[in-house]
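Structural characterization, general
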Amino acid sequence: METLPSEIITQILEYVSFDDRRELARVNKVFYHATSHPVFLRKEILIYQPSQVNLKYFKDFKNMLWNSRRKLLCLKFVNFTFTDDLSIFTNLGNHIISLNFINLILLNDSFLDAITQCCNNLEKLELKCLNNLCLTDKDREPILKLSTITLCDVQMSDRDFNLILKLAPNLKDLGIFDCRLTGGHAIIKRFYPHNSNIDCLFTKYNSDLIFSAENIVHHLNNCIRLNSLRLNEHCCIIYQIQPIQLELKSLTLSGMGTLRSHPIDYEKLNFVLGQYVSLEQLEISYLPVHLLSFVSKLHNLRYLKISYTALRSIYSDGLKSLEILLESLKNMKYLRTLSFNRVYEMHVIKLPTVPFTECTLKSLTSLDCSLDSNLVLKCGTNLTSLRIRNGDILKAEDLQLLFRNLTNLNHLWIDDCSILNDEIFIQLPISNLKELITLRIMHSNISHRCLQYITNSRLKVLVFTNVSLEPFTNKLILNDFKHSLEILSSAVPMLTQLDIRISFLSSRAVESLGLLSFYRTTFREVLEKYFKKLKLFILS
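Residues numbered from 1 in each chain as written. Predicted model: local features only at pLDDT ≥ 70, side-chain atom pairs only at ≥ 80, totals over all residues. Heavy atoms only, no water.

**What about the side chain of serine 484?**
The condition that has to hold: Runs of E in the DSSP output that reach at least two residues are strands. Runs of H or I that reach at least four are helices, and both are numbered from the N terminus. Contact criterion: two residues are considered in contact whenever any of their non-hydrogen atoms come within 4.5 Å of each other.
Its place among the elements puts serine 484 in helix H17 (residues 475-491). Ignoring any residue separated from it by four or fewer positions in sequence, one finds serine 484 in contact with His448, Arg449, Leu451 and Gln452.

Here it is, written out as structure tokens:
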């Protein structure tokens, strides 16, 4: 393998876990450089999260970065308090391409100056849970490579927002979440009585007291390079933007149905979204079902994720829009990822499951939906990720077909799989899914003995709920369960996450016989002894 070109080795290592890549880096210089390829370094985030305020921990973290020889650094700081010691940016600034701050104690001029003066190669900046900003109108050199800014739960004003965006003249991706937008016509008129006469980009809306939708819209209409926009409580902004000036490729509108303080004009939203024909990626949650039809106009979509609500008062319109959308999917020739589900909440109706066209399902690589009973016959062999929300419609033969035909699956998730019992599970050709990495079976009727029949060398995540320990009267059955886990550990050596939720009846039986302590202690011992790579274990 050492004789292969480094490009080929890098491509092979993309299929290897992070831990295994670290081991391979020790083999020789060829493997070291291959594992240090930018394609990997951009995905590896180094996190500083002290358990207590201790300056020594921070110095150790800096020294570790300095001695790592990494060309690219993606850094996340949680509860960062050492605002007087900003040498980490001075010493490593040219290597930092991504910065993520959670619970930053203060964002002031010196902190922002340190980032802008040293991080010339910074591409992504994320601020989350930030309540204290103290910025002044100070000229700073822009970061020309900064293309992505995410602001989540940041208590800022229009002036703060302007100063942050001023850092990124080449902004391509903007996310604003839970930033407590204030405003309204009366408030805007009060704080900006002469705004129509002011044309300067960063002074038109510049108040220290409010964070307004008008200011965000003003920036968006002038961000000529912006192609990705992510919003939640500010969804009303989208139909105030001029679609002609903003050719979005990606749009995320989350939490629309949970908004109360900022009501949305859904009819206007429906009209405006239909004009974004350039969209390749669309994600919307809590969209009323009768407004789904606008998606049928977006023929360039490659990624579509929608959760919709269905009110009884609009049943006929909702069903019609649903049918129009699903029929239009056959015209979306580039669509590869589809997630389409109804939000389950009170005061909604259950619309009938509308079947997808066969050509749609055969072109997909990822699917997350409730489907009709013929889903297995329609899914194509290109599918690598599948989640079936209405697993209660499946029959034993459907499961057989699924495991026999969809051989390229990496991820399989089945909800409400009530048909699945030990007899059916043992007959499933699980080993046929040689590429499977994740397997989640929810609310089945299997026992722990099924764990003995799982053989897969690549499986890393295994989740079962409602697992029965079967009726028992002593420790023998628990030892039998322990034996099942031992067999599983040898048959699935790459497992990093194991989540087994035992059924309610089994749980009550363990407690009633006073075996709860034995139960917990025994399986902790099993984990330490047999599952060497396991990082996350849930047994409840």
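**Details of the nonpolar core**
Filter applied, for reference: We call a set of buried residues a nonpolar core when its members are Ala, Val, Leu, Ile, Met, Phe, Trp, Tyr or Cys and they connect through side-chain atoms within 4.5 Å of each other. Partly exposed residues are those whose accessible area sits between 20% and 50% of the maximum for their type, while under 20% is buried and over 50% is exposed, using a 1.4 Å probe and protein chains only.
Counting residues in hydrophobic clusters, the biggest one holds 151 residues, and the most contacted among them are Phe89, Leu99, Phe101 and Ile238. Excluding residues that lie within four positions of it along the chain, isoleucine 238 makes contacts with Leu229, Leu248, Leu251, Leu253, Leu269, Val272, Leu273 and Tyr276.

**Focus: the pattern of salt bridges**
The condition that has to hold: Every case where a carboxyl oxygen of Asp or Glu lies within 4 Å of a side-chain nitrogen of Lys or Arg is listed as a salt bridge.
Under the defined criterion, the tally for this structure stands at 16 salt bridges. Across the pair aspartate 415 and arginine 387 runs a salt bridge, and its minimum N-O distance is 2.9 Å. Here aspartate 415, found in the loop between strand E16 (411-414) and helix H16 (422-427), pairs with arginine 387, found in strand E15 (residues 385-388); they are 28 residues apart in sequence, far enough to count as distant. With respect to burial, aspartate 415 and arginine 387 carry one shared label: buried. Its salt-bridge partner being arginine 458, residue glutamate 435 comes within 2.5 Å of it at the nearest N-O pair. In this pair, glutamate 435 is assigned in the loop between H16 and strand E17 (438-441) and arginine 458 in the loop between E17 and strand E18 (461-467), connecting sequence segments 23 residues apart.

**Re helix H11 (residues 266-273)**
Restricting attention to buried positions, one finds in H11 the residues Leu269, Asn270, Val272 and Leu273. The inward-facing, buried residues of H11 contact strand E10 (250-253) and strand E11 (281-288).

**A closer look at the pairing of strand E2 (residues 73-78)**
We apply this condition: At least two bridges found by DSSP between two strands are what make those strands a pair.
Among the 6 residues in E2, 5 count as buried, and that is most of the element. Relative to E2, strand E1 (residues 45-48) is paired through 4 bridges, and the arrangement is parallel. Residue pairing in the sheet places isoleucine 45 in a bridge with cysteine 74 of E2. By the bridge criterion, 6 bridges tie E2 to strand E3 (residues 96-102) in an arrangement that is parallel. Residue pairing across strands places lysine 76 opposite asparagine 100, the latter belonging to E3.

**Points about the packing of aromatic side chains**
The way to describe two aromatic rings as a pair is by their centre distance and the angle between their planes. Applicable threshold: Two rings from Phe, Tyr or Trp (for Trp, the six-membered ring) form a pair when their centres sit within 6.5 Å of each other. Planes less than 30 degrees apart are called stacked, planes more than 60 degrees apart edge-to-face, and all others tilted.
Enumeration according to the criterion identifies 11 aromatic pairs in this entry. Relative to phenylalanine 111, the ring of phenylalanine 80 lies with its centre 6.0 Å away and its plane at 70°, an arrangement referred to as edge-to-face. With phenylalanine 80 in the loop between E2 and helix H6 (87-92) and phenylalanine 111 in helix H7 (residues 109-118), this residue pair connects regions lying 31 residues apart in the sequence. By relative accessible area, which is 0% here, phenylalanine 111 ends up buried. Through a chain of ring-to-ring contacts, three or more aromatic side chains come together here, namely Tyr48, Phe61, Phe77, Phe80, Phe101 and Phe111.

**A look at unusual backbone geometry**
With a phi angle near 60°, asparagine 79 is a residue other than glycine that sits in the positive phi range. Along the chain, asparagine 79 turns up in the loop between E2 and H6. A residue is classified by how much of its surface remains accessible, and asparagine 79, at 35% relative accessible area, is partly exposed. Despite not being glycine, aspartate 416 has its phi angle at roughly 50°, a positive value. On the secondary structure map, aspartate 416 appears in the loop between E16 and H16. Taking the relative accessible area as the measure of exposure, aspartate 416 reaches 35% and is therefore partly exposed.

**Re the packing of helix H8 (residues 158-166) against helix H10 (residues 213-220)**
Cut-off, in case you're wondering: Fitted lines through C-alpha atoms serve as axes, helices being fitted only where they are in contact, and the angles separating the N-to-C directions of these axes extend from 0 to 180 degrees. With respect to orientation, any angle under 35 degrees is reported as roughly parallel, any angle over 145 as roughly antiparallel, any angle of 65 to 115 as roughly perpendicular, and every other angle as oblique. Put simply, a crossing is left-handed when the front helix is turned counterclockwise from the back one by less than a right angle, and right-handed when it is turned clockwise. In the scheme used here, Gly and all other residues not listed as nonpolar or charged are polar, with Ala, Val, Leu, Ile, Met, Phe, Trp, Tyr, Cys and Pro taken as nonpolar and Asp, Glu, Lys and Arg as charged.
It is the contact of H8 with H10, at a shortest axis distance of 10 Å, that shows an interaxial angle of 20°. Taken as axis vectors, H8 and H10 run roughly parallel relative to one another. The handedness of the crossing between H8 and H10 comes out as right-handed. Contacts from Asp158, Phe161, Asn162 and Leu165 in H8 reach Asn215, Ile216 and His219 in H10. Class assignment of the residues belonging to the contact of H8 with H10 gives a composition of 3 nonpolar, 3 polar and 1 charged.

**With respect to the side chain of serine 157**
Topologically, serine 157 is positioned in the loop between strand E7 (148-154) and H8. You can call serine 157 buried: its relative accessible area is 4%. Leaving out residues up to four positions away in the same chain, serine 157 has contacts with Ser207, Asp208, Leu209, Ile210 and Phe211.

**A closer look at the environment of isoleucine 164**
Residue placement: isoleucine 164 occurs in helix H8. Isoleucine 164 sits 13 residues away from leucine 151 along the chain, and the two C-alpha atoms are 9.9 Å apart. Beyond its immediate sequence surroundings of up to four residues, isoleucine 164 is in contact with Leu107, Leu127, Leu133, Ile149 and Leu151.

**A closer look at helix H19 (residues 516-530)**
What counts here: Residue count minus one, scaled by 1.5 Å, sets the expected span of a helix. Directions from the helix axis toward the C-beta atoms define the arc.
With 15 residues, H19 extends 21 Å between its outermost C-alpha atoms, agreeing within 8% with the 21 Å of an ideal straight helix rising 1.5 Å per residue. Along H19, the positions that sit buried rather than exposed are Tyr519, Thr522, Phe523, Val526 and Leu527. Down the axis of H19, the sector holding all buried residues measures 135°, keeping them to one side. Facing away from the buried surface of H19 by more than 90 degrees, the exposed residues are Ser517, Arg520, Glu528 and Lys529.

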